[in-house]
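Structural features, examined
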Amino acid sequence: NIRRTWILMTIFLIVIIAIGWYLSYYFQSQEILIIALIFSIGLNFFGYWFSDKIVLKMTRGKRLKFEDNPEIFRIVENLCITAGLPMPKVYILPELSLNAFATGRNHKNSSIALTEGLIKKLDKNELEGVIAHELSHIGNYDTLLQTIVVILVGLIVIVSDMFFRTRLLGFGGKGSNRDRNNGDSQLGAIIMITGVILLILSPLIAKLIQLAISRKREYLADSSSVLLTRYSEGLASALEKISNDKTSVRFASNATAHLFIANPFRAEKKPRFSKFFQTHPPIEERIRILRSMGE
């Protein structure tokens, strides 16, 4: 699972490098690469420090105090001791849907969020399974990985959009002129066509990689949850109840959907033609694997 995730991240970086090389060739300007580098570093810095706060604000998360729900706090605390993790901040989402997510840049600066519906409708063993799953995301640094991936996807989309806007305004094209002057018009045409195709497809490629990484990390967090609780049926039963719940998360968006333990838009129709566009692996498959662990 980890190996495949790094393979996907490597492909991601290759796509970004290819776009950067093409743009430097097309505009014949090193300044563009410097500006892009500064912009990407700034975007990564901002995302690293503030992404968790933005996500919790977007989902209307409210900080939970010990006196509000001592049982939830004790479950989180006991599992953190087992996992060797510091106690994260706990948030409640004002949602009837059954769902949860984790966020944060590292073990010391992390949060988990549970919906009101999840707390009300799951028993203690099921809650332990879900909370252990979210703590596993923190322990496995999935929250940081997903933050980086979201930033990279956003960067690719922005760069692609900026390129086509500059073309509409009539800027650029020095690379093709240079090739004509050097008699390499055929090579220049091939590079131009390849680069334009890459820029058109790169947002789609980036999104597919993001979704693939998200699915891989869900399987890993399920397995890690079982290692913490030593009871696979708890999470399997919780996922079964979550899958039967047809209420969508009201304050979820496409930008935050991959963070949740299950697709927050479950009331919507799933894509028929491909599993590659799903934010989560099939919940039935996750339940089957979990129960096979128990056996």
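In short, a report on the structure. Since the structure is predicted, the reported quantities are computational estimates derived from the model, not experimental observations.

Turning our attention to the overall build of the protein. When helices and strands are counted, the protein shows 10 helices and four strands. If you list the helices and strands of the protein from N to C, you get α-α-β-α-β-β-β-α-α-α-α-α-α-α. For the protein, with 295 residues in total, the buried portion stands at 47%. Sequence-distant contacts in the protein: of pairs separated by 6 or more residues, those separated by 24 or more amount to 74%. Surface exposure of the protein reaches about 15600 Å², of which carbon and sulfur atoms provide 62%.

Now for the packing of helix α9 (residues 232–244) against helix α10 (residues 283–294). Between α9 and α10, whose axes approach to 8 Å, the crossing angle comes to 160 degrees. Put simply, α9 runs roughly antiparallel to α10. The element α9 and its partner α10 pack so that their crossing is left-handed. Together, S232, E233, L235, A236, S237, L239, E240, I242 and S243 of α9 and I283, R286, I287, L290, R291, M293 and G294 of α10 make up the contact between the two elements. Partitioned by chemical class, the residues of the contact of α9 with α10 number eight nonpolar, four polar and four charged.

For helix α5 (residues 124–139), built from 16 residues, the straight-helix expectation of 22 Å at 1.5 Å per residue is met to within 8% by its first-to-last C-alpha distance of 22 Å. Within α5, the full set of buried residues consists of E126, L127, G129, V130, I131, A132, H133, E134, L135, S136, H137 and I138. One side-chain oxygen of the residue at the start of α5 lies 3.2 Å from the amide nitrogen of N125, identifying that residue as D123. Just past α5, the residue Y141 takes up positive phi, approximately 60 degrees.

All right, on to α9 then. Look at α9: 19 Å from first C-alpha to last across 13 residues, which is about the 18 Å you get at 1.5 Å a residue. Among the residues of α9, S232, G234, L235, A236, S237, A238, L239, I242 and S243 are the ones counted as buried.

Tallied over the entire structure, the rule returns one cavity of 30 Å³ or more. Its volume calculated, the largest cavity comes out at about 80 Å³. Together, A102, H137, D142, T143, Q146, S214, R217, E218, H258 and L259 line the largest cavity. If you list the elements that add at least two residues to the lining of the largest cavity, you get α6 (142–168) and α8 (185–229). In terms of residue class, the lining of the largest cavity is made up of two nonpolar, five polar and three charged.

Core analysis: the biggest nonpolar cluster contains 36 residues, and L118, V130 and I242 have the highest contact counts within it. Judged by nonpolar contacts, the second largest core, of 18 residues, contains Y22, L23, L199 and I213.

Basis of the calculations
- Residues numbered from 1 in each chain as written.
- Predicted model: local features only at pLDDT ≥ 70, side-chain atom pairs only at ≥ 80, totals over all residues.
- Heavy atoms only, no water.
- Helix = DSSP H or I, 4+ residues; strand = E, 2+ residues; numbered from the N terminus.
- Buried < 20%, exposed > 50% of the residue type's maximum accessible area, 1.4 Å probe, protein only.
- Contact = heavy atoms within 4.5 Å.
- Areas by Shrake-Rupley, 256 points an atom, 1.4 Å probe, with all protein chains shown as cover.
- Axes fitted to C-alpha atoms, helices over the stretch in contact; angles between N-to-C directions.
- Parallel < 35°, antiparallel > 145°, perpendicular 65-115°, else oblique.
- Left-handed = near helix turned anticlockwise from the far one by under 90°.
- Nonpolar A, V, L, I, M, F, W, Y, C, P; charged D, E, K, R; others polar.
- Expected span 1.5 Å × (residues − 1).
- Polar contact = N/O pair within 3.5 Å; in protein donor to acceptor, adjacent residues only side chain to side chain.
- 1 Å grid on protein atoms, 1.4 Å probe; cavity = no way out; pocket = protein on both sides within 12 Å on 5 of 7 lines; lining within 4 Å.
- Points joined across faces, edges and corners; volume = space filled by probe spheres on them.
- Core = buried A, V, L, I, M, F, W, Y, C linked by side-chain atoms within 4.5 Å.

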